[in-house]
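One letter stands for each residue in the lines below.
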Amino acid sequence: DGGITQSPKYLFRKEGQNVTLSCEQNLNHDAMYWYRQDPGQGLRLIYYSQIVNDFQKGDIAEGYSVSREKKESFPLTVTSAQKNPTAFYLCASSITGAEGNQPQHFGDGTRLSIL
Amino acid sequence: GQNIDQPTEMTATEGAIVQINCTYQTSGFNGLFWYQQHAGEAPTFLSYNVLDGLEEKGRFSSFLSRSKGYSYLLLKELQMKDSASYLCAVRDQGGATNKLIFGTGTLLAVQP
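Residues numbered from 1 in each chain as written. Chains lettered and ligands numbered in written order. Predicted model: local features only at pLDDT ≥ 70, side-chain atom pairs only at ≥ 80, totals over all residues. Heavy atoms only, no water.

**Quick notes on the overall build of chain A**
Filter applied, for reference: A helix here means a DSSP run of H or I that spans at least four residues, while a strand means a run of E at least two residues long, and both kinds are numbered starting from the N terminus. The globule rule used for comparison is 2.2 Å times the number of residues to the exponent 0.38, while the radius of gyration itself is calculated over C-alpha atoms. Burial classes follow relative accessibility: with a 1.4 Å probe on protein chains only, a residue under 20% of its type's maximum area counts as buried, one over 50% as exposed, and anything between as partly exposed. Every residue pair with non-hydrogen atoms within 4.5 Å of one another is taken to be in contact. All accessible-area figures derive from a Shrake-Rupley calculation using a 1.4 Å probe, and residue coverage is judged against the displayed protein chains alone. The sign given to each residue is positive for Lys and Arg and negative for Asp and Glu; His and the chain ends receive no count. Positions of charges follow a simple convention, taking NZ of Lys, CZ of Arg, CG of Asp or CD of Glu.
A tally of regular secondary structure across chain A gives 0 helices and 11 strands. Written out in order from the N terminus, the α and β elements of chain A read β-β-β-β-β-β-β-β-β-β-β. For a compact globule of 115 residues, the expected C-alpha radius of gyration is about 13 Å, and chain A comes in at 14 Å, within 12% of that figure. Expressed as a percentage of its 115 residues, the buried residues of chain A come to 47%. For chain A, the proportion of contacts with a sequence separation of at least 24, taken over those separated by at least 6, is 54%. In the form shown here, chain A has an accessible surface area of approximately 5,600 Å², with 45% of it arising from carbon and sulfur atoms. In chain A, 11 positive and 12 negative side-chain charges are present, and the distance between their average locations comes to 8 Å.

What follows is the structure in structure tokens.
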């Protein structure tokens, strides 16, 4: 079945440590997205990519980095510069093009906590 | 600025009907989506509106008024499994970008 896989489901980070969250999709989508979800704040866009080897900052990119070397993969690195990384991280993908009923499809998320 | 408002929480009774409202103020408009999200899980797509009017899909319907910047999600014959957060999201751009702006979500509790 096609879908989006995020791993790990739970992740713990020590102070000053970088961690990388994995996101893989086999939906043949060109566009991929990373969101952060905090209680009471909805989904906020961190980074997005519309094509391989290209990505753009979202609304809260500071302290995060991404790469898009393959169409299927869009890993997110939470760096030590992100001072409040505890959150639920969601990866999504979609076709490119803002026409019609083309929703974003989401993975099951990674919950990151600070030790 | 971009702003999407939804009630934070709602409570309804099993078998009843509930309406979840969403108002938006965005720089552009190119479609509105509703998602359902159970706690700790992925949001799943429910409905899409781009023209004014009502879209019906089984027990779920969604309405849009572009002139008022307003949408609602109507859930009929509520079931306990409908207890979840409901997210309203606006696609504010056209062209090649399929970015969405999300509201904070409405947590619906269905009681027996």
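Here the narrative resumes, following the displayed structure.
**Description of the packing of aromatic side chains**
Which entries qualify depends on this criterion: Two rings from Phe, Tyr or Trp (for Trp, the six-membered ring) form a pair when their centres sit within 6.5 Å of each other. Planes less than 30 degrees apart are called stacked, planes more than 60 degrees apart edge-to-face, and all others tilted. Charge over a ring is defined by NZ of Lys or CZ of Arg lying within 6 Å of the ring centre and within 35 degrees of the ring normal.
Scanning the model with the defined rule gives 16 aromatic pairs over all chains in all. On the basis of an interplanar angle of 25° and a centroid distance of 6.4 Å, the ring pair of Y33 of chain A and Y35 of chain A is categorised as stacked. Each member of the pair, Y33 of chain A as well as Y35 of chain A, is classed as buried. Taken together, a centroid distance of 5.9 Å and an interplanar angle of 50° make the contact between Y35 of chain B and F102 of chain B tilted. Note that Y35 of chain B is positioned in strand 4 (residues 32-37) and F102 of chain B in strand 10 (residues 101-102), a separation of 67 residues in sequence. Judged by relative accessible area, F102 of chain B falls into the buried class, the value being 9%. Feature note: the residues Y33, Y35, Y48 and F106 of chain A together with F33, Y35, F45, Y48 and F102 of chain B constitute an aromatic cluster, connected by ring pairs. Residue placement shows R68 of chain A over the ring face of F74 of chain A; its charged tip is 5.9 Å from the ring centre.

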